[in-house]
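Structural overview for review
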Amino acid sequence: MNLRPYKTLLKPASDEFIVNKSRFIGYGCPCETEEAALQFLSDIRTKHKDATHNCYAYIIGPNMGVMRYSDDGEPGGTAGMPIIEVMKARGVTNCAVVVTRYFGGILLGAGGLVRAYSQGAAVALNACGVGTIYPTARYLIEVGYPLLNRMDYFLKDEPVIVEDKAFTDVITYTMLMKTEDEEGFLRRLTNMSEGSLEPLRYEELYYPWSE
């Protein structure tokens, strides 16, 4: 895996707020392709087909090679551009943001719209959470019961995510670690267990690690 780490959203989520009686709903979603981003936009438009506007932006590619946005009928530069600027400021890619507006009867003006759509993007990103995609390895490690407490204490300070602990005749840990952390972790694990543990590396993947 030679892909450099990049930031994206951890999960689909949304949040909303009111500005001068207009309701704004910010939606975000991780999307690995432009087709996925457009499908997400289509889903939100269908869900909110009665909304006044569904303005959006998406950035695709580890190097942010694809950037698209739309004001969806709002005055030019007051919606799509502020959304994508918030995304660029957070450094996220492979994701899409849609800010839905239900007009409340009070005009916000260009400056008010820019602020509202920027806030819509910000609340969407905060709801989704931002993480960094790293090349990651998944391991299985079988641990005997006499080593259980020592293993748990050891893992508290290690850069790993324990996904599962299965208790049978031994305890089987399923865990994730960044590939850049593997060498050091395995060395410390060997020292801790005096060479008695044999980790099984069985998968390599790209995984979003929380900021």
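A short tour of the structure in this document, coming up. Owing to the predicted nature of the structure, the values given are computational and were not obtained by experimental measurement.

1. A closer look at the packing of aromatic side chains
Counted according to the given criterion, the structure contains six aromatic pairs. Ring centres of tyrosine 56 and tyrosine 58 lie 6.1 Å apart, and the angle between their planes is 5 degrees; this geometry places the pair in the stacked category. Each member of the pair, tyrosine 56 as well as tyrosine 58, is classed as buried. An aromatic cluster of three or more residues is present, and its members are Phe17, Phe24 and Tyr117. Note that lysine 178 overlies the ring of tyrosine 134, its terminal NZ or CZ placed 4.2 Å from the centroid. It is lysine 178 that lies over the ring of tryptophan 209; its NZ or CZ is 5.3 Å from the centre.

2. A short note on helix H2 (residues 80-90)
If you check which residues of H2 are buried, you get Gly80, Pro82, Ile83, Ile84, Val86 and Met87. Among the structural elements, strand S4 (53-60), strand S5 (66-70), strand S6 (95-102) and helix H3 (109-128) are those in contact with the buried residues of H2. Immediately downstream of H2, the backbone of glycine 91 shows phi near 75 degrees, a positive value.

3. Quick notes on the pairing of S5
Strand direction decides the pairing type here: S4 and S5, joined by five bridges, are antiparallel. The partner of isoleucine 59 across the bridge, within S5, is methionine 67. Count of turn residues in the S4/S5 antiparallel hairpin: five residues, of which glycine 61 carries a positive phi of about 105 degrees.

4. Some remarks on the packing of H2 against H3
Running from amino to carboxyl end, H2 crosses H3 at an angle of 45 degrees, the nearest separation of the two axes being 8 Å. For the element pair H2 / H3, the angle class is oblique. Along this stretch, H2 crosses H3, giving a crossing that reads as right-handed. Here Pro82, Ile83, Val86, Met87 and Arg90 of H2 lie close against H3, whose contacting residues are Val114, Tyr117, Ser118, Ala121, Ala122, Leu125 and Asn126. The residue makeup of the contact of H2 with H3, split by class, is nine nonpolar, two polar and one charged.

5. Quick word on the sheet that holds S6
Sheet strands pair via backbone hydrogen bonds, and the direction of the pair is either parallel or antiparallel. Sheet architecture is open: five strands sit in the order S2-S3-S6-S4-S5, paired in antiparallel fashion. Each having just a single partner strand, strand S2 (13-19) and S5 make up the two edges of the open sheet. Looking at each pair of strands side by side, their axes are set apart by 10 degrees on average, direction ignored. Strands in contact with helix H1 (residues 34-47) are strand S3 (22-30), S4, S5 and S6; relative to S4, the strand with the most contacts, it is inclined by about 165 degrees. Of the strands in this sheet, S4, S5 and S6 touch H2, which is tilted by about 35 degrees from S4.

6. Considerations on the side chain of histidine 53
Along the chain, histidine 53 falls in strand S4. Residue class for histidine 53 comes out buried when judged on its relative accessible area of 11%. Separated by 3.5 Å, the side chains of histidine 53 and glutamate 74 make a polar contact. When residues no more than four places from it in sequence are discounted, the contact partners of histidine 53 are Asp72, Gly73, Glu74, Val99, Thr100, Arg101 and Tyr117.

7. Some points on helix H4 (residues 148-155)
When we look at burial in H4, the residues that qualify are Leu148, Met151, Phe154 and Leu155. All buried residues of H4 project into a common sector of 130 degrees when viewed along the axis, lining one side. Among the exposed residues of H4, those oriented more than 90 degrees off its buried face are Asn149 and Tyr153. Residues of H4 that are buried sit in contact with strand S7 (130-143), strand S8 (160-167), strand S9 (171-178) and helix H5 (182-193).

8. Description of the nonpolar core
In this structure, Leu9, Phe24, Ile83, Met87, Val92, Val97 and Tyr117 are the most contacted members of the largest nonpolar core, which totals 26 residues. Within the residue set of this core, elements represented by two or more residues are S2, S4, H2, S6 and H3. For this core, the element with the most residues is H3, which contributes eight residues. Setting aside chain neighbours within four positions, we find tyrosine 117 in contact with Phe24, His53, Cys55, Glu74, Thr78, Ala79, Pro82, Ile83, Val99 and Arg101.

Thresholds, definitions, all that
- Residues numbered from 1 in each chain as written.
- Predicted model: local features only at pLDDT ≥ 70, side-chain atom pairs only at ≥ 80, totals over all residues.
- Heavy atoms only, no water.
- Phe/Tyr/Trp six-rings, centres within 6.5 Å; stacked < 30°, edge-to-face > 60°.
- Buried < 20%, exposed > 50% of the residue type's maximum accessible area, 1.4 Å probe, protein only.
- Lys NZ or Arg CZ within 6 Å of the ring centre and 35° of its normal.
- Helix = DSSP H or I, 4+ residues; strand = E, 2+ residues; numbered from the N terminus.
- Contact = heavy atoms within 4.5 Å.
- Pairing = 2+ DSSP bridges.
- Axes fitted to C-alpha atoms, helices over the stretch in contact; angles between N-to-C directions.
- Parallel < 35°, antiparallel > 145°, perpendicular 65-115°, else oblique.
- Left-handed = near helix turned anticlockwise from the far one by under 90°.
- Nonpolar A, V, L, I, M, F, W, Y, C, P; charged D, E, K, R; others polar.
- Polar contact = N/O pair within 3.5 Å; in protein donor to acceptor, adjacent residues only side chain to side chain.
- Arc of directions from axis to C-beta.
- Core = buried A, V, L, I, M, F, W, Y, C linked by side-chain atoms within 4.5 Å.

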